[in-house]
Amino acid sequence: MGFSTDAIHVGQEPDPLTGAVVAPIYQTSTYVFENLDTNKGYVYARTTHPNRMALERTIAKLEGGKSAYIFTSGMAAIDAVFRLLRPGDHTILPKTVYGGTYRLVSQLLVDFGLEFTYVDTSSLDSIERAIKPNTRMLYIETPSNPTMIVTDLAAVGDIARRRNLTLVVDNTFLSPYLQRPVEFGAHIVVHSMTKYLNGHSDCIGGAVVLTRAEDAEKIYFVQRAAGAGLAPMDCFLTSRGIKTLAVRMERHDSNGAAIAKHLESHPKVKRVLYPGLASHPQHDLAKRQQRGFGAMMTFDLGSLEAARKLLNHVRLCSLAESLGGVETLISHPASMTHSAMPPEVRKENGIDDGMVRLSVGIEDVEDLIADLDQALQHV
Ligand SMILES: Cc1ncc(COP(=O)(O)O)c(C=O)c1O
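Note that the structure is predicted; figures quoted are calculated from it, not measured.

## Observations concerning the pairing of strand β12 (residues 355–359)
Right, so step 1: The element β12 is extensively covered by neighbouring structure, given that five of its five residues are classed as buried.
Right, so step 2: Burial along β12 is two-sided: Met355, Arg357 and Ser359 and Val356 and Leu358, pointing in opposite directions, are all buried.
Right, so step 3: With five bridges connecting them, strand β9 (residues 296–300) and β12 associate as antiparallel partners. When the bridges of β12 are listed, Phe299 appears paired with Val356.
Right, so step 4: The pairing of strand β11 (residues 329–331) with β12 spans three bridges and is classified as antiparallel. Bridging from a neighbouring strand, Ile330 pairs with Leu358 of β12.

## Re the packing of helix α2 (residues 50–63) against helix α9 (residues 232–242)
Geometrically, a packed helix pair is captured by the angle between its two axes and the distance between the axes.
Right, so step 1: Closest axis-to-axis distance for the α2/α9 pair is 8 Å, and the angle between their directions is 35°. Here the hand of the crossing between α2 and α9 comes out left-handed. Where α2 abuts α9, its residues Asn51, Arg52, Leu55, Thr58, Ile59 and Leu62 lie against Pro232, Cys235, Phe236, Thr238, Ser239 and Ile242.
Right, so step 2: Grouping the amino acids of the contact of α2 with α9 by side-chain chemistry returns seven nonpolar, four polar and one charged.

## With respect to the pattern of salt bridges
Right, so step 1: The tally for this structure, following the rule as stated, stands at 16 salt bridges.
Right, so step 2: For Glu305, the salt bridge identified is with Arg308, shortest N-O distance 2.9 Å. Taken together, the residues Glu305 and Arg308, both in helix α12 (residues 304–311) and three residues apart, mark about one turn of the helix.
Right, so step 3: Accessibility expressed as a relative area gives 40% for Arg308, which makes it partly exposed.
Right, so step 4: Within this structure, Glu128, Asp158, Arg161, Arg162 and Arg163 form a network of salt bridges that share partners.

## So, the site of the ligand
Right, so step 1: Neighbouring the ligand are 14 residues, the closest being Gly74, Asp170, Ser192, Thr194 and Lys195.
Right, so step 2: Asp170 has a polar side-chain atom sitting 2.6 Å from a nitrogen atom of the ligand.
Right, so step 3: Alone, the ligand offers 390 Å² of accessible surface; in the complex the protein occludes 91% of this.
Right, so step 4: Top element by residues in the shell around the ligand is helix α3 (residues 74–82). It accounts for three residues.
Right, so step 5: Of the residues in the shell around the ligand, the class split is five nonpolar, seven polar and two charged.

## What to know about the sheet that holds strand β6 (residues 188–192)
Sheet strands associate in pairs through backbone hydrogen bonding, adopting either a parallel or an antiparallel arrangement.
Right, so step 1: Strand order in the open sheet formed by seven strands is β1-β7-β6-β5-β4-β2-β3, with mixed pairing between adjacent strands. The open sheet has two edge strands with one neighbour each: β1 (67–71) and β3 (115–119). Sheet twist, expressed as the mean angle between neighbouring strand axes with direction ignored, is 20°.
Right, so step 2: Of the strand pairs in this sheet, strand β4 (residues 135–141) and strand β5 (residues 166–170) are connected by five bridges, and their pairing is parallel. Looking across to β5, one finds that Leu138 is bridged to Leu167.
Right, so step 3: Against the sheet, helix α4 (residues 99–107) engages β2 (90–94), β3 and β4, with an angle of about 140° to β3.
Right, so step 4: Strands in contact with helix α8 (residues 213–226) are β1, β6 and β7 (206–210); relative to β1, the strand with the most contacts, it is inclined by about 20°.

## Overview of the sheet that holds β9
Right, so step 1: If you trace the five strands from one edge of the open sheet to the other, you get β8-β9-β12-β11-β10, paired in mixed fashion. The two strands at the open ends of the sheet, each matched to only one other strand, are β8 (271–273) and β10 (318–319).
Right, so step 2: Relative to β9, β8 runs antiparallel, the two being bridged by three bridges. Bridge pairing links Arg271 to Asp300 in β9.

What counts and what doesn't
Residues numbered from 1 in each chain as written. Predicted model: local features only at pLDDT ≥ 70, side-chain atom pairs only at ≥ 80, totals over all residues. Heavy atoms only, no water. Buried < 20%, exposed > 50% of the residue type's maximum accessible area, 1.4 Å probe, protein only. Helix = DSSP H or I, 4+ residues; strand = E, 2+ residues; numbered from the N terminus. Pairing = 2+ DSSP bridges. Axes fitted to C-alpha atoms, helices over the stretch in contact; angles between N-to-C directions. Left-handed = near helix turned anticlockwise from the far one by under 90°. Contact = heavy atoms within 4.5 Å. Nonpolar A, V, L, I, M, F, W, Y, C, P; charged D, E, K, R; others polar. Salt bridge = Lys/Arg side-chain N within 4 Å of Asp/Glu carboxyl O. Near = heavy atom within 4 Å. Polar contact = N/O pair within 3.5 Å; in protein donor to acceptor, adjacent residues only side chain to side chain. Areas by Shrake-Rupley, 256 points an atom, 1.4 Å probe, with all protein chains shown as cover.

Okay, here's the thing in structure tokens:
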């Protein structure tokens, strides 16, 4: 079936008990046994519950994986993936990895004997050079946050195959509608479902999509043992959001393209980082591996003062962290999403104080442009 049909129907069959077209929210912590030897397949909601299982089936299908496990947040999902490693194992990550992942890795996981090297993953040479005898994992985000650097998925898939590394891709920025890393050789795909998959900014959640049975077994164990599985109500909300993923992404994509073009021609804007623009150095690569360019972009106003002026004067765009919702969010990476990165590391990674990140929503694009224009007048 097509993507939209799968998004609406896989895991979302009518309730067998009542015929309800939308499966009910199983808001219970525990399930009664019929007798000591028999239960209906559910025991205790930390382990699993019908709403979580339904959502796991939907996401595995949309990403083209064999299975998926749903966590309380994107960070819990990413943390579970790093638990596949053993002390002494080495992982290669993007220099511009999401700030929360950087915090997890640099302030917590290093204390458990895991080693990490940050490289520019758009340079295949840099990746190859960083591989050591104990390297086990190659962790990619494309496009990167907030610098919108694109990594060649087919090429990193090839490196992972040749060098026997587990390839993990964080697909949060595009969603499976616009990019399917498994088709390029990713073994594991992670998501902050808080973003496009849910799409309505009403709950937090994360997903790990697996292609190999041995990884799936371990991730399921982490989910159960550490108690990091998502609750019924939040699974229900995310399942509801996913049904409209395809139509939302189409609109995000067209609004994103229009705004990027507008900002690029604005005299107050120094540069716009958006893979859909012909000026983006990896425009052709993005075109090859993505079905669209999405609605995430970063633009540079040249200084913190200029960024502050804009951010303090937007009216329709909300100054807030997060992304991927129907409403447009605007943020300042240096002081918000990437504040865990020391200033010198931010500078080295191209995250300047004058940069503003935009998650373009699905409002009427003329209204968004008018809002940005009036705020830019204050810059
Ligand atoms: C690319 C990316 N990955 C992971 C995360 C973490 O997800 P969550 O906030 O759901 O824990 C985020 C959050 O902003 C993100 O942008």
